[in-house]
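# Residue-level structural notes
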Amino acid sequence: MTREDVKISTRNLNVYFGDLHAIKNVSLQMYNRSITSIIGPSGCGKSTFLRALNRMLDIIPHARVAGEVILDGRNIYENGTDVVELRRKVGMVFQKPNPFPKSVYDNVAYGPRIHGIRSRDELDAIVEDSLKKAALWDEVADSLDKSAMELSGGQQQRLCIARTLAVKPEVILFDEPCSALDPISTAKIEDLMRSLKNDYTIVIVTHNMQQAARISDYTAFLLMGELIEFGKTARIFERPCEKATEDYITGRFG
Amino acid sequence: MNKRSWEGVKDRFIAFFFAANGILTIIILIGIFIFLAYIGLQAFHEISIREFFFGKEWNPTAYGEPKWGILSLVTGTIYIAVISLLIAIPLGVASAIYIAELASPFIREVLKPAIEMIAAIPSVVLGLIGLLIVAPFVAEIFNLPNGLNALTASILVAIMALPTIISISEDVISAIPESYREASLALGATRWQTIKGVILPAASSGIVAASMLGLGRVVGETMVVLMVAGNSRAFPTSILDPVRPITSTIAIEIKEVVQGDLHFQALFALGFVLFLMTFAINLASDIFLTWRQGVR
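Remember, predicted model here, so these are calculated numbers, not experimental data.

About the cut-offs
Residues numbered from 1 in each chain as written. Chains lettered and ligands numbered in written order. Predicted model: local features only at pLDDT ≥ 70, side-chain atom pairs only at ≥ 80, totals over all residues. Helix = DSSP H or I, 4+ residues; strand = E, 2+ residues; numbered from the N terminus. Rg over C-alpha atoms; globule rule 2.2 N^0.38 Å. Buried ≥ 20, exposed ≤ 12 C-beta atoms within 10 Å, placed from the backbone. Pairing = 2+ DSSP bridges. Axes fitted to C-alpha atoms, helices over the stretch in contact; angles between N-to-C directions. Contact = placed C-beta atoms within 7 Å. Nonpolar A, V, L, I, M, F, W, Y, C, P; charged D, E, K, R; others polar. UniProt positions renumbered as here; feature names shortened; annotations may be inferred. Domains from an automatic or database assignment. pLDDT = per-residue confidence, 0-100.

Looking only at helices and strands, chain A features 10 helices and 10 strands. The globule rule puts the C-alpha radius of gyration for 254 residues at 18 Å, and the 18 Å found for chain A is close to it. Projected onto its principal axes, the C-alpha coordinates of chain A cover approximately 55 × 45 × 35 Å. Looking at chain A as a whole, 45% of its 254 residues qualify as buried.

Written out as structure tokens, the structure reads:
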């Protein structure tokens, strides 16, 4: 698969929460080995959109999805989709770091274990590899048995990224991953995302427009559940086509 | 007196009122402890400690040579405690998981108060149900002449411990942050894997504390065991033997003793042992709960 291929896309995606029409007819392509950011004001449906991509909306009562989400050419909402396998392929990192109240090792090994890996050697290798990819190995190599709750917020978030990497996903969804972190931790996570881009397709929801401009290749602007504009990040930020996009990125509302 | 200083007096009075109530609770607890210990320990002027704790025979009214061994009674209490927890913990935790994790909001709203209502059943009523339904049932299954034994008592006492175990376990499980469930599901875990791998471990210390509180209830239960446990002072060797736990022994015999005599003192000593058992169990559950908060 080359860089320009579409990895995951939506076609006329609609999401409803009861009577609320949260996502309206969004069609968007997310390209392989690139970072796509979703920006927009609070309540515009960014997180909802993200959660439609790995069917995390399934666990919310009253949520209903219409339209298609196509991963590798197949609609993930068609009957017979293996949700477990889908979520393994499409990993997710949340807004607030949410490590389990377990050791660092057990956090990373959790995913591989539920997918049936039992051999200690194999788990050791996955844990080390994932923590290295998440740029956390050097800080925790000597304290893998320590509770994850004792790590700093930034370390916890990198641990959550390592935990996601451990199940060998192809797409990683980031839901405002830095909004609870200080600037130094944020910079580390951004560096990490840039390096992960070489192997994964990344979609990030962010509140922070500078962050979107810094790290992403493509940017989509959502407003009130509608896709207003989508394009290469540089183009969106330098020459937005829509008035609403320009108003938002220049800080006139938001 | 101006308004402000009156408010000040009121404030101090209210603070004093609450402090006094808090202190009163502690005084009552210590008072009971001293009272039991003071009367109970007098028994040891005449009964050897060794006989009391290790003697298997309890027969204070035997002519000429009364026996003061509490081992059979303590064993009866322990049998009922262990068996009823073996029944109540799996049942209680499974119900708590169902209510907290799986039930629809409507079922949850109905089920939780319904389970808490079990606590409102008077134990004497439960004893009647035991006599009429559970005991014949147990007798039938195990082919016994009657069903009044440790197992029957344990089943009924387990029912009494269920509301405590379910209610507290459910609170603990519901208090687990939603983010843990999301993280697990997003890694591709099924709901069952999430419960087993994340929810139960995170709730474990709370579930242990809930079970300890249930245990405290079980050990102190008197009426049901008095009615259905069989009341035999013989040392029980099987869970199908009739037993006479500490509580029913005290309840039966306290009516027959002369206040202040040796038998009277011995029953207080027995009560003191029971109090220490329940106190230790409650203390342990308290330590568990605090420890859990420390971990978070």
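So, about the sheet that holds strand β8 (residues 201-205) of chain A. Residue and element names in this part refer to chain A. One open sheet accounts for 6 strands, arranged β6-β7-β8-β3-β9-β10; its pairing is mixed. Strands with a single pairing partner mark the edges of an open sheet, and in this sheet they are β6 (90-93) and β10 (226-232). On average, adjacent strands in this sheet sit at an angle of 15 degrees to one another, irrespective of strand direction. The sheet contact formed by strand β3 (residues 35-39) and strand β9 (residues 218-223) spans 4 bridges and is parallel.

So, on to the interface of chain B and chain A. Residue-level contacts link 15 residues of chain B with 20 residues of chain A. Of all the secondary-structure elements, those providing two or more residues to the side of chain B that touches chain A are α7 (178-186) and α8 (191-220) of chain B. No other element matches the 6 residues that α7(B) contributes to the side of chain B that touches chain A. When the residues that make up the side of chain B that touches chain A are grouped by side-chain class, the tally is 9 nonpolar, 5 polar and 1 charged.

In this section: the UniProt feature "transmembrane region" (unreviewed entry) in chain B. All names here are of chain B. Under the UniProt annotation, "transmembrane region" (unreviewed entry) lies at residues 12-39, 78-99, 119-139, 151-176, 197-219 and 266-289. Between the end C-alpha atoms of residues 78-99 the distance is 30 Å, and the span holds 100% helix and 0% strand. The span residues 266-289 shows a helical share of 100% and a strand share of 0%, and its end C-alpha atoms are spaced 35 Å apart.

So, about helix α3 (residues 104-114) of chain A. Side chains that are three or four residues apart share a direction in an α-helix, a result of its 3.6 residues per turn. The element α3(A) is largely enclosed, with a buried count of 9 among its 11 residues. Turning to α3(A), its buried residues are Val104(A), Asp106(A), Asn107(A), Val108(A), Ala109(A), Tyr110(A), Gly111(A), Pro112(A) and Ile114(A).

On to the sheet that holds strand β2 (residues 20-31) of chain A. Residues and elements named next belong to chain A. Across the sheet, which stays open at both edges, the 4 strands sit in the order β2-β1-β4-β5 with antiparallel pairing between neighbours. Two strands close off the open sheet at either side, each with one partner strand: β2 and β5 (74-75). Where strand β1 (residues 6-17) and β2 come together, 8 bridges link them in antiparallel fashion. Bridge pairing in β2 places Thr-10 opposite Leu-28.

It is worth spelling out the environment of Glu7(B) at this point. Here Glu7(B) lies in helix α1 (residues 3-42). A C-alpha to C-alpha distance of 56 Å links Glu7(B) and Ala153(B), two positions 146 residues apart in sequence.

Glancing now at the domain arrangement of chain B. All names here are of chain B. When its domains are assigned, chain B resolves into domain 1 (3-45) and domain 2 (58-295). Computed from C-alpha atoms alone, the centre-to-centre distance between domain 1 and domain 2 is 30 Å. With 7 residues of domain 1 at the interface, the matching set in domain 2 holds 8 residues. Grouping the amino acids of the side of domain 1 that touches domain 2 by side-chain chemistry returns 5 nonpolar, 2 polar and no charged.

Bringing the environment of Leu128(B) into the picture now. Residue and element names in this part refer to chain B. Position of Leu-128 relative to the elements: it lies in helix α5 (residues 123-142). With 14 C-beta atoms counted inside 10 Å, the residue Leu-128 sits in the partly exposed group. In this structure the C-alpha to C-alpha distance between Leu-128 and Val-224, which are 96 residues apart in sequence, comes to 8.3 Å.

Turning next to the confidence of the model for chain B. On average, residues of chain B score 91 in pLDDT, and 98% of them reach the 70 mark or higher. Interface predicted TM-score (ipTM) for the complex: 0.90; the corresponding pTM is 0.82.

To continue, consider the UniProt feature "domain: ABC transporter" (unreviewed entry) in chain A. The positions UniProt marks with the feature "domain: ABC transporter" (unreviewed entry) are residues 8-249 of chain A. End C-alpha to end C-alpha, residues 8-249 of chain A measures 26 Å, and it is 37% helix and 27% strand.

Time to look at the environment of Gln193(B). Residues and elements named next belong to chain B. On the secondary structure map, Gln-193 appears in helix α8. Gln-193 gets classed as partly exposed once you count the C-beta atoms within 10 Å, which come to 18. Between the alpha carbons of Gln-193 and Leu-162 there is a distance of 25 Å; along the sequence they are 31 residues apart.

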